[in-house]
Amino acid sequence: TQLLEQSPQFLSIQEGENLTVYCNSSSVFSSLQWYRQEPGEGPVLLVTVVTGGEVKKLKRLTFQFGDARKDSSLHITAAQPGDTGLYLCAGASFQGAQKLVFGQGTRLTINP
Amino acid sequence: NAGVMQNPRHLVRRRGQEARLRCSPMKGHSHVYWYRQLPEEGLKFMVYLQKENIIDESGMPKERFSAEFPKEGPSILRIQQVVRGDSAAYFCASSPGYGNTIYFGEGSWLTVV
């Protein structure tokens, strides 16, 4: 069974600080997605990383896929209160690309 | 999220009743997926359907749960004889084909009392 471990589960920091969220597995994934989920809503896709070592930037968010395609990180620079939310990573296997395996999420709070 | 429509958004059922959750995929999408999110847990895959076919139902509980995606109309996730443990958010997602990015709906929150 493939598992994705996200850390930390909860993170509360001050506005302007930097932070990194990690997503780790012993399994290899064909791709990895990062989602953001607001209370009472569905996950919204932020990015998909496909190639080992790939780095993608989305404004102040930087996403990296590990060289071995087993782990990923999300780094936020100069966090803002609007970044508050639940961040989920999800991996797609080679055997079933649509059967995403989700981490348990990181609940991020940015305090003004 | 835009385009994947789920209803009802909130549903309350008494133990033993049936729950039916509907999902209309984005325009042009013929692949539908159902995921379940239990309180304080991540999303778990339930079932993957194409029009009139179940492709992968490995995440579906063996009893009481069924899903369909008819030729016409929305996909339906049906839960018979609901129990308190079925209380969760059920998310539908769709994609235009296999291997494409999937897009989630806003979810249906089922509460069993």
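Residues numbered from 1 in each chain as written. Chains lettered and ligands numbered in written order. Predicted model: local features only at pLDDT ≥ 70, side-chain atom pairs only at ≥ 80, totals over all residues. Heavy atoms only, no water.

S.K.: Would you mind going over the environment of Arg84 of chain B with me for this structure?
M.R.: Residue and element names in this part refer to chain B. Counting through the fold element by element, Arg84 comes out in the loop between strand 8 (75–79) and strand 9 (88–95). Considered as a pair, Arg84 and Val113 are 29 residues apart in the sequence and their alpha carbons are 6.5 Å apart. Ignoring sequence-local partners within four residues, the contact set of Arg84 consists of Arg15, Val112 and Val113. (Helix = DSSP H or I, 4+ residues; strand = E, 2+ residues; numbered from the N terminus. Contact = heavy atoms within 4.5 Å.)

S.K.: What's the story with the sheet that holds strand 1 (residues 5–7) of chain B in this structure? I'm lost.
M.R.: Through backbone hydrogen bonds, the strands of a sheet pair up, either in parallel or in antiparallel fashion. Residue and element names in this part refer to chain B. Spatially, the 4 strands line up as an open sheet ordered 1-3-8-7, and their pairing is antiparallel. Single-partner strands in this sheet number two, and they are strand 1 and strand 7 (65–68). Pairwise comparison of adjacent strand axes, ignoring direction, gives a mean angle of 15° for this sheet. Pairing analysis gives 3 bridges linking strand 1 to strand 3 (residues 19–24), with the strands arranged antiparallel. Directly across from Gln6, in strand 3, lies its bridge partner Cys23. (Pairing = 2+ DSSP bridges. Axes fitted to C-alpha atoms, helices over the stretch in contact; angles between N-to-C directions.)

S.K.: Can you help me understand the sheet that holds strand 3 (residues 19–24) of chain A in this one?
M.R.: Residues and elements named next belong to chain A. With antiparallel pairing, 5 strands are arranged side by side in an open sheet as 1-3-8-7-6. Looking along the sheet, the strands with just one partner apiece sit at the ends: strand 1 (5–7) and strand 6 (55–58). Taking the axes of each pair of neighbouring strands and ignoring which way they run, one obtains an average angle of 15° across the sheet. In this sheet, strand 7 (residues 61–65) lies alongside strand 6 in antiparallel orientation, the contact comprising 4 bridges. Counterpart to Val55 in the pairing with strand 7 is Gln64.

S.K.: Help me understand the interface of chain B and chain A, please; the structure alone is not making it clear to me.
M.R.: Interface extent is often summarised as the accessible area lost during association of the parts. Across the contact, 23 residues belong to chain B and 20 residues belong to chain A. Here chain B packs against chain A, burying approximately 1,600 Å² in sum over the two surfaces, 54% of which is carbon and sulfur. Taken together, the links from chain B to chain A amount to 0 salt bridges. Applying the counting rule to chain B against chain A returns 4 residue pairs in polar contact (both at pLDDT 80 or more). Elements with a minimum of two residues in the side of chain B that touches chain A: strand 4 (31–37), strand 5 (43–50) and strand 9 of chain B. Its residues placed into classes, the side of chain B that touches chain A shows 10 nonpolar, 10 polar and 3 charged. (Buried area = accessible area lost by both parts, 1.4 Å probe. Salt bridge = Lys/Arg side-chain N within 4 Å of Asp/Glu carboxyl O. Polar contact = N/O pair within 3.5 Å; in protein donor to acceptor, adjacent residues only side chain to side chain. Nonpolar A, V, L, I, M, F, W, Y, C, P; charged D, E, K, R; others polar.)

S.K.: Whenever I open this one, the state of the cysteines confuses me. Can you help?
M.R.: Disulfide: a covalent bond connecting the sulfur atoms of a pair of cysteines. According to the stated counting rule, one finds 2 disulfides over all chains in the structure shown. With a sulfur-sulfur separation of 2.0 Å, Cys23 of chain A is cross-linked through a disulfide to Cys89 of chain A. Measuring the twist about the S-S bond at about 75°, one finds the Cys23 of chain A-Cys89 of chain A disulfide to be right-handed. In this pair, Cys23 of chain A is assigned in strand 3 and Cys89 of chain A in strand 9 (residues 85–92), connecting sequence segments 66 residues apart. For the pair formed by Cys23 of chain A and Cys89 of chain A, the shared burial category is buried. Here Cys23 of chain B is linked by a disulfide to Cys92 of chain B, with a sulfur-sulfur distance of 1.8 Å. Since a negative S-S torsion denotes a left-handed disulfide, the Cys23 of chain B-Cys92 of chain B link at about -60° is left-handed. (Disulfide = S-S within 2.5 Å. Buried < 20%, exposed > 50% of the residue type's maximum accessible area, 1.4 Å probe, protein only.)

S.K.: Teacher, can you tell me more about unusual backbone geometry here?
M.R.: Trans peptide bonds make up the majority, and among non-glycine residues the majority have a negative phi. Cis rather than trans, the peptide bond between Ser7 of chain A and Pro8 of chain A has omega equal to -10°. In this fold, Pro8 of chain A is placed in the loop between strand 1 and strand 2 (10–14). Looking along the chain, the bond that leaves Asn7 of chain B and enters Pro8 of chain B is cis, with omega of -5°. Residue placement: Pro8 of chain B occurs in the loop between strand 1 and strand 2 (10–13). One non-glycine residue with positive phi stands out, namely Lys59 of chain A, at about 55°. Structurally, Lys59 of chain A is set in the loop between strand 6 and strand 7. A residue is classified by how much of its surface remains accessible, and Lys59 of chain A, at 85% relative accessible area, is exposed.

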